[in-house]
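Working through the structure, step by step
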Amino acid sequence: MRSLFTHSLTLRVLSFAIVFGIWEYLGRVPISPAFPTFLETMSALGSMIADGSMAAVYPATFQPLLIGLVISSILGIACGVFMGLNHKAEWFGAPVFIVLQSAPLAALIPLLTFAYGIGLTSKIITVCIMSVPVIVLNAYTAVRHTPVSMIEMGESYLGSRRQIIMKIIIPSASPVIYAGLRLGAAMGFIGAILAELLITPTGIGDLITYNQSIAEYEKMYAAIFSIMVFAVIFIEILERTEYLFFRPDKRVTQ
Amino acid sequence: MSNSSAAVSRAASSIAVEVEKVSKIYPGGVEALNDMTIQFPKGELTSLLGPSGCGKTTLLKIIAGLLPATSGRVTVNGVEVTGPGEERAFVFQDFALMPWATVLRNAAFGLELRGVAKSERHAIAEKYIEAVGLKGCEKLYPHELSGGMRQRVGLARALAVDAEVLLMDEPFSAVDEQTRRKFQEDLLDVIKHEGKTFIFVTHSIEEAVYVSHSIALLLPRPSRVSEIIRPDIDRDISPDAIRRDPVYLDIVERIWKGLRTYVE
Ligand SMILES: Nc1ncnc2c1ncn2[C@@H]1O[C@H](COP(=O)(O)OP(=O)(O)OP(=O)(O)O)[C@@H](O)[C@H]1O
Ligand SMILES: [Mg+2]
């Protein structure tokens, strides 16, 4: 187990090292004056953290992002599970989310700002539009694919509908539901940044646009890099909660 | 030696499960059972033996109340079956264990669904886990077990709810011949001590003859009972002696001949 763990850790470090190495190399070529090297970006990131400009903008980004993700998760899982359990809901709901998933967000944003203004609400909705479809569609597929014999088992041992849903269907679906949540969270991060770029420049989006406009490309990339780091950490935490609450068996195989 | 009439003439009170004129046509139009009538005596093990796809699982699920019959009726202790009931427990062909639950929780799951308190149901489950020979495996997850061990967890789960009637769908299919023999011997033990009614699906003629009080030979789809055989084997002799017993070998041979006409 121990050697496996170090092994997977080594591979991860190696994977990051290769990506950053290529980045550094392309930055030095240079492929564009607007593309800084990895090390320049890191030093910009360091100085932005040190002077507090990073910390100053994040609350503005995280507010719609976290609210949006919480709403999307609850709403998305509820809709998806319901659609998985109920054919009428499936026929009604599935097309809506499939269309929504492929809808070009940029085209919807003017509508949103028209209806909800340029404040927090529009940004939260942007996050939700990005993340809900993939959460719903995964949850729904997962529930649909619960092994039939597992449900028959629950019925034959006289489980109520509620018990079968809570004790069999949901745990059985949880890996795919969580896969949806992770994808949804990644989409939500993109949504939050897009909202800041396309609606009103606040938070990290503002930092990106501002530094781009004054040609401080290392800082712009540092801002982008920081949001990616947060996304990865967030998704990692999500994965841990799954093992903790639903699939203790997976922790054993780690 | 075919004495289906003897089985029929037994007093009604000693019949645990009665299947009367049951037919099953699946929604797609497949006719799995046609006018099947069969009785399962209390406290005995009856095997269902027949060609693959002849409707054995279908019959078992109808008796379990998991599947509605198209026509006919099934009664358990004289009460008509309309759904699953406390007096029946099912051992699934594919185990149907929950991969996210430990052996202990899986074995106790029937009791968990019935609302038995945790400490009580764990105590009961532990007893049956030991009975099926899995003591010490309580904290393992199904993916850490072999196929045969998983089957035994399914068996422990069925025994733990203390149902009168056990419906077993090829419960020993996932194990090698040696383990299988061990299970068969254990099963004979359980039959002797638990006094339950067993309905047992198997593909193995030897197994059926070895463990059963009576064997129902089923015709190919749409299935009916072609013959009921009661192997009158002296079960007090040792397992190895039984397997060399001429009566045992005769019956195996006869069933084999009977079934071969359908295979060809
Ligand atoms: N859900 C279903 N829908 C339609 N047809 C089905 C369904 N389940 C089973 N059948 C059909 O009914 C017939 C009997 O199936 P069943 O599973 O009862 O056979 P079996 O005797 O258990 O076979 P085996 O020994 O291979 O397990 C088969 O021909 C099968 O194709
Ligand atoms: Mg079968």
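These numbers come from a predicted model, not from an experiment. (Residues numbered from 1 in each chain as written. Chains lettered and ligands numbered in written order. Predicted model: local features only at pLDDT ≥ 70, side-chain atom pairs only at ≥ 80, totals over all residues. Heavy atoms only, no water.)

Before going further, it helps to examine the overall build of chain A. Helix and strand counts for chain A stand at 11 helices and 0 strands. The linear arrangement of helices and strands in chain A, starting from the amino end, is α-α-α-α-α-α-α-α-α-α-α. Going through the 254 residues of chain A one by one, you find that 43% of them count as buried. Within chain A, contacts between residues at least 6 apart in sequence are counted, and of these 74% link residues at least 24 apart. Once the 15 positive and 14 negative side-chain charges of chain A are each reduced to a mean point, those two points are 11 Å apart. (Helix = DSSP H or I, 4+ residues; strand = E, 2+ residues; numbered from the N terminus. Buried < 20%, exposed > 50% of the residue type's maximum accessible area, 1.4 Å probe, protein only. Contact = heavy atoms within 4.5 Å. Lys, Arg positive; Asp, Glu negative; His and termini not counted. Charge placed at Lys NZ, Arg CZ, Asp CG, Glu CD.)

So, on to the packing of helix H3 (residues 53-85) of chain A against helix H10 (residues 217-245) of chain A. Residue and element names in this part refer to chain A. Interhelical geometry of H3 versus H10 gives an angle of 45° and a closest axis separation of 12 Å. Considering their axes alone, H3 and H10 lie oblique with respect to each other. Crossing hand, H3 versus H10: right-handed. Residue-level inspection shows Met 54, Tyr 58, Thr 61, Phe 62, Leu 66 and Leu 69 of H3 in contact with H10, the latter providing Ala 222, Ala 223, Ser 226, Ile 227, Phe 230 and Phe 234. Residue composition of the contact of H3 with H10, grouped by class: 10 nonpolar, 2 polar and no charged. (Axes fitted to C-alpha atoms, helices over the stretch in contact; angles between N-to-C directions. Parallel < 35°, antiparallel > 145°, perpendicular 65-115°, else oblique. Left-handed = near helix turned anticlockwise from the far one by under 90°. Nonpolar A, V, L, I, M, F, W, Y, C, P; charged D, E, K, R; others polar.)

Our focus in this paragraph is the packing of helix H8 (residues 161-198) of chain A against helix H9 (residues 203-213) of chain A. Residue and element names in this part refer to chain A. Where H8 meets H9, the axes come as close as 8 Å, and the angle between the chain directions of the two elements is 55°. Of the possible angle classes, the one that applies to H8 and H9 is oblique. H9 is crossed by H8, and the crossing has right-handed handedness. Along the contact surface, H8 presents Ile 193, Glu 196 and Leu 197, while H9 presents Gly 203, Ile 204, Gly 205, Ile 208 and Thr 209.

On to the site of ligand 1. Residue and element names in this part refer to chain B. Surveying the vicinity of ligand 1 reveals 14 residues, the closest of which are Ser 52, Gly 53, Lys 56, Thr 57 and Thr 58. Between ligand 1 and Gly 55 there is a distance of 2.9 Å, counted from an oxygen atom to a backbone nitrogen or oxygen. In this structure, Thr 58 approaches ligand 1 through a side-chain N or O atom, which is 2.4 Å from an oxygen atom. In the complex, the protein chains occlude 65% of the 630 Å² of accessible area that ligand 1 would expose alone. Ranked by residues supplied to the shell around ligand 1, first place goes to helix H2 (residues 56-64) with 3 residues. Of the residues assigned to the shell around ligand 1, the class counts are 4 nonpolar, 7 polar and 3 charged. (Near = heavy atom within 4 Å. Polar contact = N/O pair within 3.5 Å; in protein donor to acceptor, adjacent residues only side chain to side chain. Areas by Shrake-Rupley, 256 points an atom, 1.4 Å probe, with all protein chains shown as cover.)

Moving on to the interface of chain A and chain B. Contacts between the two partners involve 21 residues from chain A and, on the opposite side, 27 residues from chain B. Ranking the residues of chain A by area buried against chain B places Tyr 157, Leu 158 and Lys 167 of chain A at the top, with a combined share of 33%. Linking chain A to chain B there are 2 salt bridges. The residue Glu 112 of chain B makes a salt bridge to Lys 167 of chain A at a minimum N-O spacing of 2.6 Å. Linking chain A with chain B are 5 residue pairs in polar contact (both at pLDDT 80 or more), by the criterion used here. If you list the elements that add at least two residues to the side of chain A that touches chain B, you get helix H7 (148-156), H8 and helix H11 (248-253) of chain A. The element that contributes the greatest number of residues to the side of chain A that touches chain B is H7 of chain A, accounting for 7 residues. Of the residues assigned to the side of chain A that touches chain B, the class counts are 9 nonpolar, 7 polar and 5 charged. (Buried area = accessible area lost by both parts, 1.4 Å probe. Salt bridge = Lys/Arg side-chain N within 4 Å of Asp/Glu carboxyl O.)

Another aspect to go through is the side chain of Ser 212 of chain B. Residue and element names in this part refer to chain B. Structurally, Ser 212 is set in the loop between helix H8 (205-211) and strand E9 (214-218). Judged by relative accessible area, which is 0%, Ser 212 ranks as buried. A polar side-chain atom of Ser 212 sits 2.4 Å from the main-chain carbonyl oxygen of Ala 208. Apart from residues lying up to four places away in sequence, Ser 212 is in contact with Leu 45, Ser 47, Pro 231 and Arg 235.

Residue and element names in this part refer to chain B. The tally for this structure, following the rule as stated, stands at 17 aromatic pairs over all chains. With a centroid separation of 5.3 Å and an interplanar angle of 65°, the aromatic rings of Phe 172 and Phe 183 are classed as edge-to-face. In this pair, Phe 172 is assigned in the loop between strand E7 (165-169) and helix H7 (177-194) and Phe 183 in helix H7, connecting sequence segments 11 residues apart. Note on accessibility: Phe 172 and Phe 183 belong to one class, buried. (Phe/Tyr/Trp six-rings, centres within 6.5 Å; stacked < 30°, edge-to-face > 60°.)

Tallied over the full model, the rule gives 20 salt bridges over all chains. A salt bridge links Glu 20 of chain B to Arg 73 of chain B; its shortest N-O distance comes to 3.3 Å. Of this pair, Glu 20 of chain B sits in strand E1 (residues 15-25) while Arg 73 of chain B sits in strand E4 (residues 71-76), and the two are 53 residues apart along the sequence. Of the residues examined, Glu 20 of chain B reaches a relative accessible area of 29% and is grouped as partly exposed. With a shortest N-O distance of 3.0 Å, Arg 230 of chain B and Glu 44 of chain B are connected by a salt bridge. Within this pair, whereas Arg 230 of chain B is found in the loop between strand E10 (225-229) and helix H9 (239-244), its partner Glu 44 of chain B is found in the loop between strand E2 (31-41) and strand E3 (45-49), the two being separated by 186 residues in sequence. Each member of the pair Arg 230 of chain B and Glu 44 of chain B is classed as buried. Salt bridges sharing partners connect three or more residues here, namely Lys 167 of chain A together with Arg 105, Glu 112 and Arg 121 of chain B.

Moving on: the domain arrangement of chain A. Residues and elements named next belong to chain A. Along its sequence, chain A is carved into domain 1 (1-35) and domain 2 (43-250). The gap between the C-alpha centroids of domain 1 and domain 2 is 26 Å. Across the contact, 6 residues belong to domain 1 and 4 residues belong to domain 2. Summed over both sides, the interface between domain 1 and domain 2 buries roughly 440 Å², with carbon and sulfur atoms accounting for 74% of that surface. Three residues stand out in domain 1 for area buried against domain 2, namely Trp 23, Ala 34 and Phe 35, and they jointly supply 67% of the buried area on that side. (Domains from an automatic or database assignment.)

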